[in-house]
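# Topology and contacts: notes
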Amino acid sequence: MVKTVLLTLLLPVLALAEVPSITRPVTDPQHLLTAQQTEVVSKALVDLRAAKQVQMAVLLVDTTEGQPIEDYAQAAFRQWKGGVAGQNNGLLLVIARADRRSRMEVGYGLEASLTDGEATALLHAQGPYLREGRFEPALLAIIAGVDARCPPESSQVPAPRHRPGPRRSRPGSSWRCSSRRA
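Since the structure is predicted, the reported quantities are computational estimates derived from the model, not experimental observations.

## Remarks on the packing of aromatic side chains
- In this structure the tally under the stated criterion is one aromatic pair.
- Pairing phenylalanine 77 with tryptophan 80 gives two aromatic rings, centres 5.9 Å apart and planes at 75 degrees, and the pair type is edge-to-face. Note that phenylalanine 77 and tryptophan 80 are positioned in helix 3 (residues 69-80) at a spacing of three residues, about one turn of the helix. Pair check on accessibility: phenylalanine 77 and tryptophan 80 agree, each one buried.

## Some words on unusual backbone geometry
- Non-glycine residue lysine 81 carries a positive phi angle of around 60 degrees.
- Structurally, the position occupied by lysine 81 is in the loop between helix 3 and strand 3 (90-96).
- With relative accessibility at 68%, the residue lysine 81 sits in the exposed group.
- A positive phi angle, close to 50 degrees, is found at asparagine 88, a residue other than glycine.
- Position of asparagine 88 relative to the elements: it lies in the loop between helix 3 and strand 3.

## A few points about the pairing of strand 3
- Among the seven residues in strand 3, seven count as buried, and that is most of the element.
- Residue alternation in strand 3 divides its side chains into two sets, Gly90, Leu92, Val94 and Ala96 and Leu91, Leu93 and Ile95, and both sets are buried.
- Pairing geometry for strand 2 (residues 55-61) and strand 3, over seven bridges, is parallel. Across the sheet, alanine 57 pairs through a bridge with leucine 92, a residue of strand 3.
- Since strand 2 and strand 3 lie parallel, the crossover through helix 3 that links them has a hand, and here it is right-handed.
- As paired strands, strand 3 and strand 4 (residues 101-106) are joined by six bridges and run antiparallel to one another. Note on strand 4: the bridge partner recorded for isoleucine 95 is serine 102.
- Counting the residues between successive antiparallel strands, the hairpin from strand 3 to strand 4 contains four residues, one of them, arginine 100, with a positive phi of roughly 55 degrees.

## What to know about helix 4 (residues 116-125)
- Those residues of helix 4 that sit buried are Asp116, Ala119, Thr120, Leu122 and Leu123. Viewed along the axis of helix 4, the buried residues span an arc of 155 degrees, placing them on a single side of the element.

## A short note on the packing of helix 4 against helix 6 (residues 135-149)
- Interaxial distance between helix 4 and helix 6 falls to 9 Å at its minimum, and their mutual angle equals 150 degrees. Between helix 4 and helix 6, the crossing angle belongs to the class labelled roughly antiparallel. For helix 4 against helix 6, the interelement crossing comes out right-handed. Contacts between helix 4 and helix 6 involve Glu118, Leu122 and Leu123 from the first element and Ile142, Gly145, Val146 and Arg149 from the second.
- In the contact of helix 4 with helix 6, the residues fall into four nonpolar, one polar and two charged.

## Some remarks on the nonpolar core
- Core analysis: the biggest nonpolar cluster contains 28 residues, and Val54, Met56, Leu91, Leu93, Met104, Leu139 and Val146 have the highest contact counts within it.
- Those elements that provide at least two residues to this core are helix 2 (35-52), strand 2, strand 3, strand 4, helix 4 and helix 6.
- Per-element tally for this core: the top contributor is helix 6, with six residues.
- When neighbours within four sequence positions are excluded, leucine 93 is seen to be in contact with Met56, Ala57, Val58, Leu59, Arg103, Met104, Leu123, Leu139 and Ile142.
- Formed by 14 residues, the second largest nonpolar core is a distinct cluster that contains Tyr72, Leu92, Val94 and Ala96.

Analysis parameters
Along each chain, residue indices are assigned from 1 in the same order as the chain's sequence is written. Per-residue local features of the predicted model are confined to residues with pLDDT of at least 70, and side-chain atom pairs are confined, for both listing and counting, to 80 or more; whole-chain, interface and lining totals are unaffected and use all residues. Computation of side-chain values covers all heavy atoms of the structure but excludes hydrogens and water. Two aromatic rings from Phe, Tyr or Trp, using only the six-membered ring of Trp, form a pair when their centres are within 6.5 Å; if the ring planes differ by under 30 degrees the pair is stacked, by over 60 it is edge-to-face, and anything between is tilted. Numbering goes from the N terminus for both helices and strands, where a helix is a DSSP run of H or I of at least four residues and a strand is a run of E of at least two. Categorising residues by exposure relies on relative accessible area from a 1.4 Å probe, with only protein chains included: less than 20% of the type maximum marks a residue as buried, more than 50% marks it as exposed, and the intermediate range marks it as partly exposed. Pairing between strands is defined by DSSP: at least two bridges between them are needed. The handedness rule is simple: strands pointing away from the viewer, and a clockwise path from the first strand over the helix to the second, make the crossover right-handed. Arc definition: it is the arc formed by the directions from the helix axis to the C-beta atoms. Simply put, an axis is a line fit to the C-alpha atoms, just over the touching stretch for a helix, and the angle between two N-to-C directions goes from 0 to 180 degrees. Should an angle fall under 35 degrees it is taken as roughly parallel, and over 145 as roughly antiparallel, whereas 65 to 115 is taken as roughly perpendicular and any remaining angle as oblique. Helix crossings are classified by the rotation of the near helix relative to the far one: an anticlockwise turn of less than a right angle makes the crossing left-handed, while a clockwise turn makes it right-handed. Throughout, a residue-residue contact means that at least one pair of heavy atoms, one from each residue, lies within 4.5 Å. Lys, Arg, Asp and Glu make up the charged group, whereas Ala, Val, Leu, Ile, Met, Phe, Trp, Tyr, Cys and Pro make up the nonpolar group; the residues left over, Gly among them, are polar. Remark: nonpolar core denotes a set of buried residues (Ala, Val, Leu, Ile, Met, Phe, Trp, Tyr, Cys) joined through side-chain atoms within 4.5 Å.

If you want it as structure tokens, here you go:
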């Protein structure tokens, strides 16, 4: 009886999609980008880090296998542990192609420069490219948008000491885009 109850409680946890390990600026296990496109996007991410001290990574997956994009992105962000300790300057962009979902997890150190609304607006603006499967121009535009909104490292505001509650994304487009402080 106890085993049945435990198995019932653990089964949903076991069914969650496995999050790929993020070890490079662009993680694309399904090869949604060509090698050349991956190189171009990776260079833009490295340049962003050098210019603004924002450690941004991109995770492209086909599907989150039924897991909400918010949970999937948060799990990926926590596993990745991006950004510099104490600065919380990590930013993870997750795109699930078949699910038609995207999400930005933004470190608290970037909160003053990139609000949830601004991050969501960056994602919504690239909806047409994403719907067409044109990931490279969408990613480059999002990276450029982050670059435009984040000041150089010396003028970044320190991370707040409290953690606000989750914010809900706006429904209404065929691509569901959201962002949340990580």
